[in-house]
Amino acid sequence: MFVRGSIAIFALTAALSLTTGAACAFDATRYPDWSGQWRRPAGVGTQWDQTKRSGLAQQAPLTPQYQARLEASVADQARGGQGDDARVSCITAGMPRIMTGTRPFELVVLPAITYVYGEGNMPRRIYTDGRDFPKNDEPSYMGYSIGNWIDENQDGKYDVLEVETRNFKGPRTYENSGILLHQDNQSIIKERFYLDKANPDLLHIEITSTDHALTRPWTVVKTFRREQNVQWAEYDCAESNNHVAIGKEYYFLSADGYLMPTRKDQPPPDPRYFKTGK
């Protein structure tokens, strides 16, 4: 019994030592305080560049091909369609649109990783342990993010997190007007996270997109405010979503359970696999 008890005590002591060592290795005082809940400022919608209206007013530096796609998307939405916004069928927004903060989000800073938790999407992981991009990782809507902490003030404390994200799949858009990223999914998204120097309850995220649908890199700066009285809500896009995608068409499910058109003169779905006669 004494031997068995000694082994148990030794194992517990070793485990506590490892935990203590890990905690000591992470000096929280070196990192900025990003705790709390981050929300879009009052009056700011879900447009990509917060200083401009969505759609054509964004003045995205698109190639002629993708400018034409945007114009067609906006026109289709004006007729009641969905354009190139696949989000209506609950496909995840992916990067970089996820950083619009449609729903509130939280930043959790750990020694080797920073998490971006949002109410409506799976956690985004930003690795800060010095790794390189994987060579055969499966592409995803969120991509693969690698970050690097910067001490710009040379005061021994980090104040900026620089991030680069690659390895995407699509389709992905910047906003609901349908500003598309290139279908080759070779996007490179770079970000700089930092608190406002005059107001630590404001978070700025400078986002630069390099993408073959653009004629040049496109940089926007998004600002979010810290909510002190934090309340989290459960959000499931598929719950009560009345948008129905069939083939390349989007329909709307009425309150009595019937498909409705979303635009004038929209053709009904093809019923070829249903028996319609006796």
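Residues numbered from 1 in each chain as written. Predicted model: local features only at pLDDT ≥ 70, side-chain atom pairs only at ≥ 80, totals over all residues. Heavy atoms only, no water.

Before going further, it helps to examine the overall build of the chain. Across its full length, the chain carries two helices and twelve strands. When the helices and strands of the chain are read in sequence order from the N terminus, they spell out α-β-α-β-β-β-β-β-β-β-β-β-β-β. Across the chain, the fraction of contacts at a sequence separation of at least 24, relative to all contacts at a separation of at least 6, is 55%. Approximately 16600 Å² of the chain is accessible, and the part contributed by carbon and sulfur atoms is 53%. (Helix = DSSP H or I, 4+ residues; strand = E, 2+ residues; numbered from the N terminus. Contact = heavy atoms within 4.5 Å. Areas by Shrake-Rupley, 256 points an atom, 1.4 Å probe, with all protein chains shown as cover.)

Turning to the environment of A233, a few remarks are in order. Among the secondary structure elements, A233 is positioned in the loop between β9 (218-227) and β10 (243-246). By relative accessible area, which is 42% here, A233 ends up partly exposed. For the pair A233 and P104, spaced 129 residues apart in sequence, the C-alpha to C-alpha distance is 9.2 Å. (Buried < 20%, exposed > 50% of the residue type's maximum accessible area, 1.4 Å probe, protein only.)

Once that is clear, we can look at the environment of V244. Of note, V244 is situated in strand β10. Its relative accessible area of 24% is what places V244 among the partly exposed residues. Taking the C-alpha atoms as reference points, V244 and S89, 155 residues apart in sequence, are found 6.6 Å from one another. Setting aside its immediate chain neighbours within four residues, V244 contacts E249, Y250, Y251, L253 and L259.

Further remarks concern the nonpolar core. Formed by 37 residues in total, the largest nonpolar core has its most connected members in W34, M99, L107, F193 and W218. Elements represented by at least two residues in this core include exactly α2 (64-78), β2 (105-109), β6 (160-166), β7 (188-195), β8 (202-210) and β9. With residues up to four places along the chain from it excluded, the contact list for M99 reads V116, R124, E191, F193, I205, I207, K222 and F224. Core analysis: the second largest hydrophobic core is formed by five residues, I113, Y115, Y127 and I146 among them. (Core = buried A, V, L, I, M, F, W, Y, C linked by side-chain atoms within 4.5 Å.)

Time to look at unusual backbone geometry. In most cases, non-glycine residues show a negative phi, while peptide bonds are predominantly trans. With an omega dihedral of 5°, the bond running from M95 to P96 counts as a cis peptide bond. Cis geometry is found at the peptide bond from G170 to P171, where omega equals 10°. Tracing the sequence through the fold places P171 in the loop between β6 and β7. Phi is positive for Q154, close to 55°, though the residue is something other than glycine. Relative to the helices and strands, Q154 resides in the loop between β5 (144-150) and β6. In this structure Q154 comes out as exposed when scored by relative accessible area, which is 69%.

The next subject is the packing of aromatic side chains. Tallied over the full model, the rule gives eleven aromatic pairs. Both rings, one in Y115 and one in Y117, keep their centres 5.4 Å apart while their planes meet at 20°; by these two values the pair is stacked. On the basis of relative accessible area, Y117 is assigned to the partly exposed category, the value being 32%. Each residue in the set Y31, W34, W149, Y158 and F193 is aromatic and connected to the rest through ring pairs, giving one cluster. Over the face of the ring belonging to Y127 we find R131, whose NZ or CZ atom lies 3.8 Å from the ring centre. (Phe/Tyr/Trp six-rings, centres within 6.5 Å; stacked < 30°, edge-to-face > 60°. Lys NZ or Arg CZ within 6 Å of the ring centre and 35° of its normal.)

Here the focus is the pairing of strand β11 (residues 249-253). Where β10 lies against β11, four bridges are found, and the strand directions are antiparallel. Directly across from A245, in β11, lies its bridge partner Y250. Here β10 folds back onto β11 in antiparallel fashion, the turn holding two residues, of which G247 has a positive phi close to 65°. Relative to strand β12 (residues 259-261), β11 is paired through three bridges, and the arrangement is antiparallel. (Pairing = 2+ DSSP bridges.)

For the rest of this paragraph, the subject is the confidence of the model for the chain. Of the residues in the chain, 89% reach a pLDDT of 70 or more, and the chain-wide mean stands at 87. pLDDT under 50 marks residues 1-24. Its contacts with residues more than four places away, or in other chains, come to zero contacts. (pLDDT = per-residue confidence, 0-100.)

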